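Listed here are the chains, written in short residue letters.
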Amino acid sequence: MKILNLIHGQGYIARIESQSFVDGEGVRCSVYVSGCPFDCKGCYNKAAQNFRYGEQFNNDVLEEILDNCAPDYIDGLSILGGEPFCNLDITLKCARAFRERFGNGKSIWVWSGFLFEYLAHENTERRAFLELIDVLVDGPFMSHLYRSNLPYKGSLNQRIINVQASLQQACLCEYIAT
Ligand code: SF4
C-alpha cells in the first residue's frame, strides 16, 4: 500500500510518557504511536515503525492520556511516532477528545515525516487533525543533516511550525519558542 493511503494505522501505541520534559515546551504527556512507513536512515525509534508494536489503543488508554494531561503543571499533549498522520484512528481521536476536555488552554505538539504544505492541502482527515494542532515539527529525519543541539528536532531540514498562524495566513509561520 502506498504511504499516502496509510491513514488509519493498526491502532497500536508504542509508549506513553506521563511527564516529558523534552517533547515540546514545558512539561507534557507524550504519546508515541506505532507504525511509520518513512523508514528514515538513522530513525530514533525503529521499533515503532512496526504498525503492531506495543499495546493496543482503546478508550481506557484514551482516558489515561487525558488524565495525564489534566494536572495544572502539564502544558499539553505531544504526539510522536511512528507517524501520527498514518495513525488517525488514534491521533485524531486523541486530539478531538483533548480539545473537548481542555479547549485551547493546553497545547498539542506533533512530529511528522510529512511536510506541512502537503498536510495543509489534504482534503481529508489529515487536514482535520492538522487543524487541531498548535505546533508541528515536520519532515523526515535526515541523518546527514543531524545535529545534536537542535531544540525539538533531530535534523536541520525539519521545521518547527506555528500551525494555526500558518493556516490562517496561508503561509509558513515558524514557531517562536517562548
Ligand atoms: S518519520 Fe520519524 S518515526 Fe518515521 S522513520 Fe522517520 S524518524 Fe522514524
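The notes below deal with the structure included here.

Details of the sheet that holds strand β6 (residues 135-138)
(1) Moving on: Strand order in the open sheet formed by seven strands is β3-β1-β2-β4-β5-β6-β7, with mixed pairing between adjacent strands. The outermost strands of the open sheet, each flanked by one partner alone, are β3 (55-56) and β7 (159-162).
(2) Moving on: The sheet contact formed by strand β5 (residues 107-111) and β6 spans three bridges and is parallel. Pairing of Trp109 across the sheet is with Val135, part of β6.
(3) Moving on: Packing against the sheet, helix α2 (residues 88-102) makes contact with β1 (12-20), β2 (28-33), β4 (76-80) and β5, and its axis sits at approximately 165° to β5.

Comments concerning the pairing of β1
Successive residues of a regular strand alternate their side chains across the two faces of the sheet.
(1) Moving on: By the bridge criterion, two bridges tie β1 to β3 in an arrangement that is antiparallel. Within the sheet, the bridge partner assigned to Tyr12 lies in β3 and is Gln56.
(2) Moving on: Judged from the five bridges that link them, β1 and β2 form a sheet pairing that is antiparallel. Within the sheet, the bridge partner assigned to Ser20 lies in β2 and is Arg28.

Examining the site of the ligand
(1) Moving on: Around the ligand lies a shell formed by Cys36, Phe38, Asp39, Cys40, Cys43, Tyr44, Gln49, Gly82 and Phe141.
(2) Moving on: Because more than half of its atoms lie within 2 Å of the grid, the ligand is assigned to the largest pocket.
(3) Moving on: Partitioning the shell around the ligand into residue classes produces six nonpolar, two polar and one charged.

Brief notes about the packing of aromatic side chains
(1) Moving on: Under the counting rule described, the total for this entry stands at eight aromatic pairs.
(2) Moving on: Ring geometry for Trp109 against Tyr175: centres 5.4 Å apart, planes inclined by 75°, an arrangement best described as edge-to-face. Note that Trp109 is positioned in strand β5 and Tyr175 in the segment after α5 (163-169), a separation of 66 residues in sequence. Note on accessibility: Trp109 and Tyr175 belong to one class, buried.
(3) Moving on: One aromatic cluster in this structure is built from Trp109, Trp111, Tyr152 and Tyr175.
(4) Moving on: One residue, Arg15, lies across the ring of Tyr32, its end atom 3.9 Å from the ring centre.
(5) Moving on: The side chain of Lys106 reaches across the aromatic face of Phe102, ending 5.5 Å from its centre.

Notes on the pairing of β6
(1) Moving on: Going residue by residue along β6, you find Val135 and Val137 tucked away on one face and Leu136 and Asp138 tucked away on the opposite face as well.
(2) Moving on: Bridge count for β6 against β7 is four bridges, and the pairing is antiparallel. Bridging from a neighbouring strand, Leu136 pairs with Ile161 of β7.

Considering helix α1 (residues 59-69)
(1) Moving on: Listed in full, the buried residues belonging to α1 are Val61, Leu62, Ile65, Leu66, Asn68 and Cys69. Down the axis, α1 shows its buried residues gathered within 155° of arc, on one side only.
(2) Moving on: If you follow the buried residues of α1, they end up packed against β1, β2, β3, β4 and α2.
(3) Moving on: Where α1 starts, the residue carrying a side-chain oxygen 3.0 Å from the main-chain nitrogen of Asp60 turns out to be Asn58.

Considerations on the state of the cysteines
(1) Moving on: Overall, the coordinates contain zero disulfides when judged by the stated rule.
(2) Moving on: Its sulfur unpaired, Cys29 is 4.4 Å from the next cysteine sulfur, which belongs to Cys69.
(3) Moving on: Given a relative accessible area of 0%, Cys29 falls into the buried group.
(4) Moving on: Between Cys173, a free cysteine, and Cys171, which holds the nearest cysteine sulfur, the sulfur-to-sulfur gap is 4.1 Å.

Scoring rules and cut-offs
- Residues numbered from 1 in each chain as written.
- Predicted model: local features only at pLDDT ≥ 70, side-chain atom pairs only at ≥ 80, totals over all residues.
- Heavy atoms only, no water.
- Pairing = 2+ DSSP bridges.
- Helix = DSSP H or I, 4+ residues; strand = E, 2+ residues; numbered from the N terminus.
- Contact = heavy atoms within 4.5 Å.
- Axes fitted to C-alpha atoms, helices over the stretch in contact; angles between N-to-C directions.
- Near = heavy atom within 4 Å.
- 1 Å grid on protein atoms, 1.4 Å probe; cavity = no way out; pocket = protein on both sides within 12 Å on 5 of 7 lines; lining within 4 Å.
- Sits in = over half its atoms within 2 Å of the grid points.
- Nonpolar A, V, L, I, M, F, W, Y, C, P; charged D, E, K, R; others polar.
- Phe/Tyr/Trp six-rings, centres within 6.5 Å; stacked < 30°, edge-to-face > 60°.
- Buried < 20%, exposed > 50% of the residue type's maximum accessible area, 1.4 Å probe, protein only.
- Lys NZ or Arg CZ within 6 Å of the ring centre and 35° of its normal.
- Arc of directions from axis to C-beta.
- Polar contact = N/O pair within 3.5 Å; in protein donor to acceptor, adjacent residues only side chain to side chain.
- Disulfide = S-S within 2.5 Å.

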